[in-house]
Amino acid sequence: MHTELQLDNQICFRLYTATRLVVQAYTPMLSELGITYPQYLVLMVLWEKDNQPVNDIAHRLLLETNTVTPLLQRMEKLGIVNRKKGETDKRQQIVSLTEKGKNMEDKAYELVPPGMGKRLSACPLKLDDYQRLAQELDTIIDTLKK
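A short tour of the structure in this document, coming up.

Reading the values: rules and limits
- Residues numbered from 1 in each chain as written.
- Predicted model: local features only at pLDDT ≥ 70, side-chain atom pairs only at ≥ 80, totals over all residues.
- Heavy atoms only, no water.
- Helix = DSSP H or I, 4+ residues; strand = E, 2+ residues; numbered from the N terminus.
- Buried < 20%, exposed > 50% of the residue type's maximum accessible area, 1.4 Å probe, protein only.
- Contact = heavy atoms within 4.5 Å.
- Areas by Shrake-Rupley, 256 points an atom, 1.4 Å probe, with all protein chains shown as cover.
- Phe/Tyr/Trp six-rings, centres within 6.5 Å; stacked < 30°, edge-to-face > 60°.
- 1 Å grid on protein atoms, 1.4 Å probe; cavity = no way out; pocket = protein on both sides within 12 Å on 5 of 7 lines; lining within 4 Å.
- Points joined across faces, edges and corners; volume = space filled by probe spheres on them.
- Nonpolar A, V, L, I, M, F, W, Y, C, P; charged D, E, K, R; others polar.
- Pairing = 2+ DSSP bridges.
- Axes fitted to C-alpha atoms, helices over the stretch in contact; angles between N-to-C directions.

What follows concerns the overall build of the protein. Counting its regular elements, the protein contains six helices and three strands. For the protein, the sequential pattern of α-helices and β-strands runs α-α-β-α-α-β-β-α-α. Out of the 146 residues in the protein, the part that is buried amounts to 27%. Partitioning the intrachain contacts of the protein with sequence separation of at least 6 by distance along the chain shows that 47% fall at a separation of at least 24. Accessible surface computed for the protein: about 10500 Å², of which carbon and sulfur atoms make up 55%.

Despite not being glycine, N51 shows a phi value in the positive range, around 60°. Along the chain, N51 falls in the loop between helix 2 (37-48) and strand 1 (52-53). Even without being glycine, L62 reaches a positive phi, approximately 55°. Considering the arrangement of structural elements, one finds L62 in the loop between helix 3 (54-60) and helix 4 (65-77).

Further remarks concern the environment of G34. Topologically, G34 is positioned in the loop between helix 1 (11-33) and helix 2. Considering only alpha carbons, one finds G34 and M104, 70 residues apart in sequence, at a separation of 9.9 Å. When residues no more than four places from it in sequence are discounted, the contact partners of G34 are Q39 and L78.

Further remarks concern the packing of aromatic side chains. Under the counting rule described, the total for this entry stands at four aromatic pairs. Here the aromatic rings of Y26 and Y37 are separated by 5.4 Å at their centres, their planes lie at 65°, and the arrangement is edge-to-face. Here Y26 is found in helix 1, whereas its partner Y37 is found in helix 2, with 11 residues between them in sequence. Look at Y26 and you get buried, because its relative accessible area is 16%. Its relative accessible area of 24% is what places Y37 among the partly exposed residues.

A volume near 1700 Å³ is recorded for the largest pocket. As for the largest pocket, its lining consists of 37 residues, and the residues nearest its centre are T19, V22, Y37, L41 and L137. Among the secondary structure elements, those contributing two or more residues to the lining of the largest pocket are helix 1, helix 2, helix 4, helix 5 (99-120) and helix 6 (127-144). Among the residues forming the lining of the largest pocket, the class breakdown is 29 nonpolar, two polar and six charged.

Now for the sheet that holds strand 1. An order of 1-3-2 is seen for the three strands of this open sheet, with the pairing classed as antiparallel. Every other strand in the sheet has two partners, leaving strand 1 and strand 2 (81-85) as the edge strands with one partner each. As paired elements, strand 1 and strand 3 (residues 93-97) share two bridges and run antiparallel to each other. Paired with P53 across the bridge in strand 3 is I94. Contacting strand 1, strand 2 and strand 3, helix 2 runs over the sheet at an angle of about 85° to strand 3.

Mapped onto the elements of the fold, S96 is located in strand 3. On the accessibility criterion, S96 (11% relative accessible area) is buried.

What follows is the structure, encoded as structure tokens:
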């Protein structure tokens, strides 16, 4: 047997499992907002900077535009975002938050950080550990996206 192929020796399995469980932990909080985890990611991008082209949002999330577009269409139906053609380039779609989308930021702030803090309170990791982990994951992401 090749030990390199054993599940316990795979970083990918740990990353996959952690991702799945983190998204699962977010789900009840995001359900209160009426959104999914991917929609939450889009909202965070737009809360940082509103009125962005679809391409920029996709780039920020490390996704393809054909993945982000249907997501934005669903968000538009929910009244969270608006899409319009770019003024200089009509092929470009500019995404902006509606009032509802803007107001969701405060509600998310009330729900998500405390909710995740509570979920992770039994974990022995401290804030510094999470920050270091984020940097290490960024290194892996930067290496793999090249």
